[in-house]
Amino acid sequence: MMPVAVPYGRKTQKTPKVEELHILWITAGLGCDGDTVSITAASQPSIEDVLLGAVPGLPKVHLHNPVLAYEVGDEFLKIFHQAARGEVDNFVLVVEGSVPNEKLSGDGYWAAFGTDHKTGQPITTNEWIDRLAPKALGVIAAGTCATYGGIHAMKGNPTGCMGVADYLGWEWKSKAGLPIVNVPGCPVQPDNFMETLLYLLRQLAGAAPMIPLDDALRPKWLFDMTVHQGCDRAAYYEQAQFAHEYGSRKCLVKIGCWGPVVQCNVPKRGWIGGVGGCPNVGGICIGCTMPGFPDKLMPFMDEPPGARISSTLVAPYGYLIRNLRRLTNSTLNKEPRWRHNRPERTTGYDPGKPEALYPL
Ligand code: SF4
Ligand code: SF4
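Residues numbered from 1 in each chain as written. Chains lettered and ligands numbered in written order. Predicted model: local features only at pLDDT ≥ 70, side-chain atom pairs only at ≥ 80, totals over all residues. Heavy atoms only, no water.

The chain has the name hydrogenase (acceptor) in an unreviewed UniProt entry, where Methylocystis parvus is given as its organism. Annotation of the chain in UniProt includes, under Sequence similarities (unreviewed entry), the sentence "Belongs to the [NiFe]/[NiFeSe] hydrogenase small subunit family." In its Subcellular location (unreviewed entry) section, UniProt records this for the chain: "Cell envelope". (UniProt positions renumbered as here; feature names shortened; annotations may be inferred.)

J.: Honestly, a nonpolar patch on the surface in this entry has me stumped. Any pointers?
T.: Together, L320, L324 and L327 line one region of the surface with nonpolar side chains, adding up to about 310 Å² of accessible area. Relative to the elements of secondary structure, L327 occurs in helix 11 (residues 305-332). (Patch = residues over 30% accessible without salt bridge, like charges linked within 9 Å, V, L, I, M, F, W, Y side chains within 5 Å. Areas by Shrake-Rupley, 256 points an atom, 1.4 Å probe, with all protein chains shown as cover. Salt bridge = Lys/Arg side-chain N within 4 Å of Asp/Glu carboxyl O. Helix = DSSP H or I, 4+ residues; strand = E, 2+ residues; numbered from the N terminus.)

J.: What is the right way to look at the site of ligand 1 in this model?
T.: H228, C231, C251, L252 and C257 are the nearest of the 13 residues found near ligand 1. Looking at the shell around ligand 1, its residues break down into 10 nonpolar, two polar and one charged. (Near = heavy atom within 4 Å. Nonpolar A, V, L, I, M, F, W, Y, C, P; charged D, E, K, R; others polar.)

J.: Quick question: what am I supposed to make of the UniProt feature "domain: Cytochrome-c3 hydrogenase C-terminal" (unreviewed entry) in the chain here?
T.: The residues that UniProt annotates with the feature "domain: Cytochrome-c3 hydrogenase C-terminal" (unreviewed entry) are residues 223-300. Helix makes up 13% of residues 223-300 and strand makes up 0%, while its end C-alpha atoms are separated by 21 Å.

J.: In this structure, what is going on with the UniProt feature "binding site: [3Fe-4S] cluster" (unreviewed entry) in the chain? I would like to understand it.
T.: Per the UniProt entry, the sites bearing "binding site: [3Fe-4S] cluster" (unreviewed entry) are C285 and C288 in this numbering. Among the secondary structure elements, C285 is positioned in the loop between helix 10 (266-269) and helix 11. By relative accessible area, C285 is classed as buried at 7%. Not counting chain neighbours up to four residues away, the residues in contact with C285 comprise V227, G256, C257, W258, G259, V262 and P279. (Buried < 20%, exposed > 50% of the residue type's maximum accessible area, 1.4 Å probe, protein only. Contact = heavy atoms within 4.5 Å.)

J.: Is there a simple way to explain the pattern of salt bridges in this structure?
T.: Between side chains of opposite charge, a pair can form when the charged atoms approach closely. For the coordinates displayed, the defined rule picks out 10 salt bridges. When the shortest N-O distance is used, the salt bridge between K254 and E303 registers 3.0 Å. With K254 in the loop between helix 9 (234-238) and helix 10 and E303 in the loop between helix 10 and helix 11, this residue pair connects regions lying 49 residues apart in the sequence. Of the residues examined, E303 reaches a relative accessible area of 15% and is grouped as buried. For E303, the salt bridge identified is with R308, shortest N-O distance 3.3 Å. Through salt bridges with shared partners, a single network forms among D116, E127 and R131.

J.: Help me understand the pairing of strand 6 (residues 138-142), please; the structure alone is not making it clear to me.
T.: Regular strands place their side chains on alternate faces of the sheet. Most of strand 6 is tucked away: five of the five residues are buried. The side-chain alternation of strand 6 yields two buried faces, one formed by G138, I140 and A142 and the other by V139 and A141. Pairing analysis gives five bridges linking strand 3 (residues 91-96) to strand 6, with the strands arranged parallel. Following the sheet pairing, E96 is matched in strand 6 by A142. Pairing geometry for strand 6 and strand 7 (residues 181-183), over three bridges, is parallel. Note on strand 7: the bridge partner recorded for I140 is V181. (Pairing = 2+ DSSP bridges.)

J.: Explain the sheet that holds strand 1 (residues 20-26) to me, please; I cannot follow it from the model alone.
T.: By way of backbone hydrogen bonds, the strands of a sheet pair with one another, either parallel or antiparallel. If you walk across this open sheet you meet the five strands as 2-1-3-6-7, and the pairing is parallel. The sheet terminates laterally at strand 2 (60-64) and strand 7, the two strands that pair on one side only. The mean angle between the axes of side-by-side strands here comes to 20°, regardless of whether they run parallel or antiparallel. Of the strands in this sheet, strand 1, strand 2 and strand 3 touch helix 3 (residues 73-84), which is tilted by about 110° from strand 1. Against the sheet, helix 7 (residues 190-205) makes contact with strand 1, strand 2, strand 3, strand 6 and strand 7, and its axis sits at roughly 160° relative to strand 7, the strand it touches most. (Axes fitted to C-alpha atoms, helices over the stretch in contact; angles between N-to-C directions.)

J.: Please clarify how the packing of aromatic side chains should be interpreted in this entry.
T.: Centre-to-centre distance and the angle between the planes together describe a pair of aromatic rings. By the definition in use, this model includes 10 aromatic pairs. Ring geometry for F293 and F300: centres 6.1 Å apart, planes at 15°, overall stacked. Ring-pair connections join several aromatic residues into one group, and the members of that group are F76, F80, F113 and W128. Between K254 and the ring centre of F242, over which it is positioned, the NZ or CZ distance is 5.7 Å. (Phe/Tyr/Trp six-rings, centres within 6.5 Å; stacked < 30°, edge-to-face > 60°. Lys NZ or Arg CZ within 6 Å of the ring centre and 35° of its normal.)

In structure tokens:
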């Protein structure tokens, strides 16, 4: 039998450290599944790209998400039970929705997922986290509810719910030494989540260093700048041109935009394929990625208190600069005087003295 020829370029291919990986995704926190729905809109990479291995050198991924799975009922739950028994070598746990305080639920439960075959009782979401987190290579909190509590953890809620790091501890580390990775957003921006997942896959493959996270456990490259820094209305702010009603193209700070003090890349990135967003397309930023969301940002449609000071201070500067720019702009809107169809050349062309052209 002839030996099979192996292309020379094959030597660029490296076997990942973790060859196969399961993603166990629990949507049974106090949530709306909006983050799961959101990531189906991702393209950098898409879920299909990750599952079909479009990026070479990464682990083969099996996704177990109840909204997207083929399996249903017990068949779907099988892998979760196997992982809890320690029978799944490599998995990452993704939690979506806030984690209720079951110490407050009395005889019942706030949230559960599947049934315990021995007791016949529902298995609470908290119990799943207790069973699975210690065995996972990593834990990702998807969306603001899972990261920081979010809307369900508002003042006055009956469940006393919280984020995954509040539940497991902010210093918690996985058996692979990874901290909890928080990808906030309500919902999470599709590519933000998939990019973070891709980073972790690269890390688990041995092809990337420890994921860089900030103090709130957010990926730094996605959340280290403010909405305002990436908002294409910031020039209106600088020139003190503020909207007083919705539908205006000006800066929205006076009608409730919290962009200057919120960390999020949505206006810079767009929502899907660069299209959409929040203040960039006319919707006030309500700070949905922030640990203080929503209580510290409500009522949403009022001017943020700090904005009054900055918008007042910027007003004289903005007025002056706007008028100076208008002057310069009007000169730039006129063509130079030597562009004409008269019979004489007035361009300053002199073959003997080319340097005479500048300055004009
Ligand atoms: S709309 Fe919001 S984010 Fe955009 S420039 Fe104004 S304050 Fe900043
Ligand atoms: S821009 Fe503001 S409202 Fe929009 S996703 Fe980011 S934090 Fe949320």
